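Each chain, letter by letter, is given below.
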Amino acid sequence: MAVWDDVVGQDRVTAQLAAAARDADAFITAQHAGAGTGPGEQPASQPSADRSGASQMTHAWLFTGPPGSGRSTAARAFAAALQCVSPDRALGGAPGCGFCDGCHTSLVGTHADVEIVRTDLLSIGVKETRDLVRRSSLSPAGGRWQVIVLEDADRLTEGAGNVLLKAVEEPAPRTVWLLCAPSVEDVLPTIRSRCRHLSLRTPPVGAVADVLVRRDGIEPEAADRAARATQGHIGRARRLATDERARARRAAVLKLPLRVDDIGGCLKAAQELIDAAGEDAKQVAEDVDTKETEELRAALGAAAGTGGRLPRGTAGAMKELQDKQKRRSTRTQRDSLDLALVDLTGFYRDVLALQMGASVPLANDEVRDSIHRIATVSTPERTLRRIEAVIACREALDRNVAPLLAVEAMTAALRAG
């Protein structure tokens, strides 16, 4: 299975990346053969462009696309192709076989020269970015390239972006930066102007269902239902098809439009949405925080069975961990709440489709009766205002408005239409 097989519905992008990987492979092979350099020595420069630029390898790439389009999957696949050591390449085979040691370790995240960076916090700061820049200046330890995959480039603070800019402007000869963000506007203009931009699209529902069946062993009917419900979002579709709790949460959200007939119902529905998001954050804390805390205490010499007291001068490290866990809890709660709002938007999208007589399949066919009921007693203008209310709530949460206040304002707007 080639590394590109998991990049769903992005034929144009994979063709560009495969061509760049071939150029990169030819460049490294020529450097080793012509200059007599060893695997750990640096060549003189990056590959040069051809006339069309279509298959040029370059040192910095920016992957953009809507959530669920597979930005990080494409970046990881490209990283694996760059590190491919399959002997078939000497016989004309394309890099990215998916089976060799270079491909396998890159895809699972254990390759010594592929750094995968993601965060569950609200932002990526200067300190973390400086560590990445130091890493990027090193020569490959054993692979063909030093590859840095930054999955959340949109979460870089302004200071962190300025730190990264210098490394992107003047990269080490065999270092490649792969940045992922929802859109080009989420990255500093000075950074994106130095990257080759690849725009991914939302994958077709059928392609997402196919990959769920092929890769995850999900029954075709369940895969199709999950892909349709999430409108092509690969990660959410997989979670919906495999997690009973996710399906229960979504079912509760889809009942909300029928519960906002009065102010009391609006306030109660808003509180339940906030409570559900808080429960998700609590679940993550139970799964991760306790383990992190115990590991840090053990590292500081205060593990269970040793009296439990922290050595003098180590309280700051514990406080730093607690602050990180608090920020992660906030992020988890916001992500869970945002997911509910996306489902709610999909509900009203189906309502609008019925009202306009559009010949498109409903994303939420399992609640067709509720959708039909709302469509019958409302108008397209009111439905559009309700969609705008949900979008306004998401924007308010991005501006750090108190979640309960933002959601209560939204449910009141849904009632008014």
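The rules we used
Along each chain, numbering runs from 1 in the same order as the chain's sequence is written. Local features in this predicted model are restricted to residues of pLDDT 70 or higher, and side-chain atom pairs are both shown and tallied only at a pLDDT of 80 or more, whereas totals for entire chains, interfaces and linings draw on every residue. As a convention, hydrogens and water are excluded, and side-chain values are obtained from all of the structure's heavy atoms. To obtain an axis, a line is fitted to C-alpha atoms, over the contacting stretch when the element is a helix, and the angle between two such axes runs from 0 to 180 degrees between their N-to-C directions. Numbering of helices and strands runs from the N terminus, with a helix taken as a DSSP run of H or I at least four residues long and a strand as a DSSP run of E at least two residues long. The labels follow the angle: roughly parallel below 35 degrees, roughly antiparallel above 145, roughly perpendicular from 65 to 115, and oblique for the rest. Definitions for this section: a left-handed crossing has its near helix turned counterclockwise from the far helix by less than a right angle. A right-handed crossing has that turn clockwise. The contact criterion used throughout is that any non-hydrogen atoms of two residues lie within 4.5 Å. All amino acids are sorted into three groups, where Ala, Val, Leu, Ile, Met, Phe, Trp, Tyr, Cys and Pro are nonpolar, Asp, Glu, Lys and Arg are charged, and the leftover types, Gly among them, are polar. At least two DSSP bridges between two strands are needed for those strands to be called paired. The salt bridge definition used is simple: a Lys or Arg side-chain nitrogen within 4 Å of an Asp or Glu carboxyl oxygen. Each residue gets one of three labels from its accessible area relative to the maximum for its type: buried under 20%, exposed over 50%, partly exposed in between, using a 1.4 Å probe on protein chains only. By convention, orient the strands away from the viewer: a clockwise path from the first strand over the helix to the second makes the crossover right-handed. We call a set of buried residues a nonpolar core when its members are Ala, Val, Leu, Ile, Met, Phe, Trp, Tyr or Cys and they connect through side-chain atoms within 4.5 Å of each other. Scored from 0 to 100, pLDDT reflects the predictor's confidence in each residue. The disulfide criterion is simple: two cysteine sulfur atoms within 2.5 Å. Put simply, two rings from Phe, Tyr or Trp (the six-membered ring, in Trp's case) pair if the centres are within 6.5 Å, and we call them stacked under 30 degrees between planes, edge-to-face over 60, tilted for the rest.

J.: Residue-level account of the packing of helix α12 (residues 315-356) against helix α13 (residues 368-377), with values.
T.: Two elements in contact, α12 and α13, have axes separated by 9 Å at closest approach and are oriented at 60 degrees. Compared by their axis directions, α12 and α13 come out oblique. Note on packing geometry: the crossing formed by α12 with α13 is right-handed. Of the residues in α13, those in contact with Phe347, Tyr348, Asp350, Val351, Leu354 and Gln355 of α12 are Ser370, Ile371, His372, Ile374 and Ala375. A per-class count over the contact of α12 with α13 returns seven nonpolar, three polar and one charged.

J.: Tell me about unusual backbone geometry, and name the residues and values.
T.: The phi dihedral of glutamine 231 falls on the positive side, at around 55 degrees, and the residue is not glycine. Relative to the elements of secondary structure, glutamine 231 occurs in the loop between α8 (220-229) and α9 (234-242). The backbone of asparagine 400 shows a phi angle near 70 degrees, a positive value even though the residue is not glycine. Structurally, the position occupied by asparagine 400 is in the loop between α14 (380-398) and α15 (403-416).

J.: I'd like a description of the sheet that holds strand β3 (residues 146-150), backed by residues and values.
T.: Pairing in this open sheet of five strands is parallel, and the strands run β2-β3-β4-β1-β5 from one edge to the other. Across the chains shown, the open sheet's two edge strands, defined by having one partner strand only, are β2 (114-117) and β5 (196-199). Neighbour-to-neighbour, the strand axes of this sheet turn through a mean angle of 15 degrees, independent of strand direction. Summarising the sheet, β3 and strand β4 (residues 175-181) pair through five bridges and their orientation is parallel. Its bridge partner lying in β4, valine 147 is registered against valine 176. Strands β1 (60-64), β3 and β4 of the sheet are contacted by helix α5 (residues 158-169), whose axis makes an angle of about 135 degrees with β4.

J.: Pulling in residues and values, what's your account of the pattern of salt bridges?
T.: Summed over all chains, the structure comprises 23 salt bridges. Arginine 89 is the salt-bridge partner of aspartate 25, the closest N and O atoms lying 2.5 Å from each other. With a gap of 64 residues between them, aspartate 25 in helix α1 (residues 11-35) and arginine 89 in the loop between α2 (71-82) and α3 (101-108) connect regions that are remote in the sequence. Overall, aspartate 25 belongs to the buried group, its relative accessible area being 13%. Linked by salt bridges that have partners in common, Arg236, Arg250, Asp343 and Glu366 make up one network.

J.: Break down the pairing of β2 for me, with residues and values.
T.: For β2 and β3, the ladder comprises four bridges, and the chain directions are parallel. Bridge pairing in β3 links valine 114 to valine 147. Each parallel crossover has a hand, and for β2 linked through helix α4 (residues 126-136) to β3 it is right-handed.

J.: Go over the packing of helix α7 (residues 205-216) against α8, please, and point to the residues and values.
T.: Close contact between α7 and α8 brings their axes to 8 Å; oriented N to C, the two are set at 135 degrees. Relative to α8, the element α7 is oriented oblique. By crossing handedness, the relation of α7 to α8 is classed as right-handed. When α7 is examined against α8, the residues Val205, Val208, Ala209, Leu212 and Val213 are found in contact with a partner set consisting of Pro220, Ala223, Asp224, Ala226, Ala227 and Arg228. Along the lines of polarity and charge, the residues of the contact of α7 with α8 split into nine nonpolar, no polar and two charged.

J.: Quick rundown of the nonpolar core? Include the residues and the values.
T.: Ranked by internal contacts, the top residues of the largest apolar core, which has 36 residues, are Leu17, Trp61, Phe63, Phe78 and Leu178. When contributions to this core are tallied by element, the ones reaching two or more residues are α1, β1, α2, β2, β3 and β4. In contact with tryptophan 61, not counting residues within four places along its chain, are Leu17, Ala20, Gln56, Phe78, Val176, Trp177, Leu178, Leu179, Cys195, Arg196 and Leu198. Core analysis: the next-biggest nonpolar cluster, separate from the first, contains 32 residues, Leu341, Leu344, Leu362 and Val367 among them.

J.: Can you lay out the confidence of the model for the chain for me, pointing to particular residues and giving the numbers?
T.: Across the chain, the average pLDDT comes to 86, with 92% of residues at or above 70. Ranking the helices and strands of the chain by mean pLDDT puts β1 first, with 95, and helix α11 (residues 263-299) last, with 83. A low-confidence stretch, residues 48-55 stays under pLDDT 50, and its non-local contacts, those more than four residues away or across chains, total eight contacts.

J.: I'd like a rundown of the state of the cysteines, residues and numbers included.
T.: All chains considered together, the criterion is met by zero disulfides. Take cysteine 266: it sits in no disulfide, and the sulfur closest to it among the cysteines is that of cysteine 393, at 13 Å. On the accessibility criterion, cysteine 266 (1% relative accessible area) is buried. What makes cysteine 393 buried here is its relative accessible area of 3%.

J.: Provide a residue-level description of the packing of aromatic side chains, including the pertinent values.
T.: A full pass over the atoms with the stated rule returns three aromatic pairs. Summarising the aromatic geometry, the rings of phenylalanine 27 and tryptophan 145 are spaced 6.0 Å apart at their centres and angled 25 degrees between planes, so their arrangement reads as stacked. With a gap of 118 residues between them, phenylalanine 27 in helix α1 and tryptophan 145 in the loop between α4 and β3 connect regions that are remote in the sequence. Judged by its relative accessible area of 1%, tryptophan 145 is buried. Between tryptophan 61 and phenylalanine 78, the aromatic rings sit 5.1 Å apart at their centres with planes inclined by 70 degrees, giving edge-to-face as the arrangement. Here tryptophan 61, found in strand β1, pairs with phenylalanine 78, found in helix α2; they are 17 residues apart in sequence, far enough to count as distant. Accessibility classification places tryptophan 61 together with phenylalanine 78 in one group, the buried group.

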